Amino acid sequence: MQEGDFVFVKQFLDNQRSRLNKIEFFYPYKDFELKAVLKSGYFWGLLDSDELIATFAIDLDKEYAKELAELINSFNNSGLNYVYESSGLMVAEKYRGQGIAKYLLSLAIEKARDLGIAICGVVHTQNVASMSTFFSLGFQLRAIWHMSENYDFVYLLKNCEKDDVNGEELILKKVLQSQINGDKIKNIMEVINTDTKEHSALLSKGYVGIGCRNNLLYFSKKGEQKL
């Protein structure tokens, strides 16, 4: 999508946001922000005939990317100078549950690897479905932010500056399978998804979030994610 698609995209986002069970799950772009991403970032639009049914983007604003890196480093220093936000993830109501969000996120990862950048999804703490999508592709929870009442967000990082394939997906599968079997895995901490104080405490101790199921987030000590 390009700058000339602004009205088309904005109408889609506004319409679909109004249909969400919790509108807090999609923090809307300001008009100038959406125009900037369409002009200078990468903004994908998925179409069914002429109907826009899903969107996703990478915001390449370097100043904002520096701020995101500083936030993430403040919890657990990753040594990153820039982290670019992956934003605007919206799937039309009647098309949800078909893997579209994961498909678009996969495109963003491919582009991030081509560019050699780190990307970050900012997700509402109650939006477990969206968090699950990011976790399933190897993102890690590295920071949280309380903006105001009902607006708590987690920051999910994928570092594509280097080929960041450390087996996170396999580790996550093992953790989730262990929960089904009622087993416990060493060095894995379970936290309610809305308990941001405990998230912060674990992040400051060197843990990172690696997955979720229902209302639980799973944290593993950084550098100790071994199968």
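Each residue is numbered by its place in its chain's sequence as written, counting from 1. Totals for whole chains, interfaces and linings use all residues, but because this is a predicted model, local features are given only for residues with pLDDT of at least 70 and pairs of side-chain atoms are given and counted only at 80 or more. To obtain the side-chain values, all non-hydrogen atoms of the structure were used and water was disregarded.

**Things to note about helix 4 (residues 100-115)**
Part 1: We count a stretch as a helix when DSSP gives it H or I for four or more residues in a row; a strand needs E for two or more, and each element gets its number in order from the N terminus. Here, expected helix span is obtained from the residue count minus one, scaled by 1.5 Å. Along its 16 residues, helix 4 runs 23 Å from first to last C-alpha, staying within 8% of the 22 Å computed at 1.5 Å per residue.
Part 2: At the C-terminal side of helix 4, Gly-116 shows a positive phi close to 70°.

**Quick notes on the pattern of salt bridges**
Part 1: In the sections that follow, a salt bridge refers to a side-chain nitrogen of Lys or Arg positioned within 4 Å of a carboxyl oxygen of Asp or Glu. Counted according to the given criterion, the structure contains four salt bridges.
Part 2: Residue Lys-10 pairs with Asp-31 through a salt bridge whose shortest N-O separation is 3.3 Å. Remark: Asp-31 occurs in helix 2 (residues 31-40) and Lys-10 occurs in helix 1 (residues 6-17); sequence separation between them is 21 residues.
Part 3: In this structure, Glu-93 and Arg-19 form a salt bridge, with 3.3 Å as the shortest nitrogen-oxygen distance. With Glu-93 in the loop between strand 3 (84-91) and helix 4 and Arg-19 in the loop between helix 1 and helix 2, this pair connects stretches of sequence that are 74 residues apart.
Part 4: For every residue, the accessible area (1.4 Å probe, protein chains only) is compared with the maximum for its type, and the residue is labelled buried under 20%, exposed over 50%, or partly exposed between those bounds. Looking at Arg-19, the relative accessible area reads 42%, which means it is partly exposed.
Part 5: It is possible to trace a salt-bridge network through shared partners that takes in Lys-10, Asp-14 and Asp-31.

**A word on the pairing of strand 5 (residues 140-148)**
Part 1: Here, strands pair whenever DSSP counts at least two bridges between them. Of the pairings in the sheet, the one linking strand 5 to strand 6 (residues 151-159) comprises seven bridges and is antiparallel in character. Directly across from Ser-148, in strand 6, lies its bridge partner Tyr-151.
Part 2: Hairpin remark: strand 5 followed by strand 6, antiparallel, with two residues in the connecting loop; positive phi at Asn-150, about 75°.

**A short note on the packing of aromatic side chains**
Part 1: For this analysis, a ring pair means two rings from Phe, Tyr or Trp (six-membered ring only for Trp) whose centres lie within 6.5 Å, classed as stacked if their planes differ by under 30 degrees, edge-to-face if by over 60, and tilted for the remaining angles. According to the stated counting rule, one finds seven aromatic pairs in the structure shown.
Part 2: On the numbers, 5.7 Å between centres and 80° between planes, the contact of Tyr-27 with Tyr-151 is edge-to-face. Remark: Tyr-151 occurs in strand 6 and Tyr-27 occurs in the loop between helix 1 and helix 2; sequence separation between them is 124 residues.
Part 3: Relative accessible area serves as the criterion here: at 15%, Tyr-151 is assigned to the buried category.
Part 4: Seen in terms of ring centroids, Tyr-82 and Tyr-84 are 6.4 Å apart; in terms of plane orientation they differ by 25°. Their pairing is stacked.
Part 5: In this structure an aromatic cluster arises from ring pairing among Tyr-27, Trp-145, Tyr-151 and Phe-153.
Part 6: Here the guanidinium or amino end of Lys-35 rests over the ring plane of Phe-6, the centre of that ring lying 4.9 Å away. In this scheme, Lys NZ or Arg CZ marks a charge over a ring once it lies within 6 Å of the ring centre and within 35 degrees of the ring normal.

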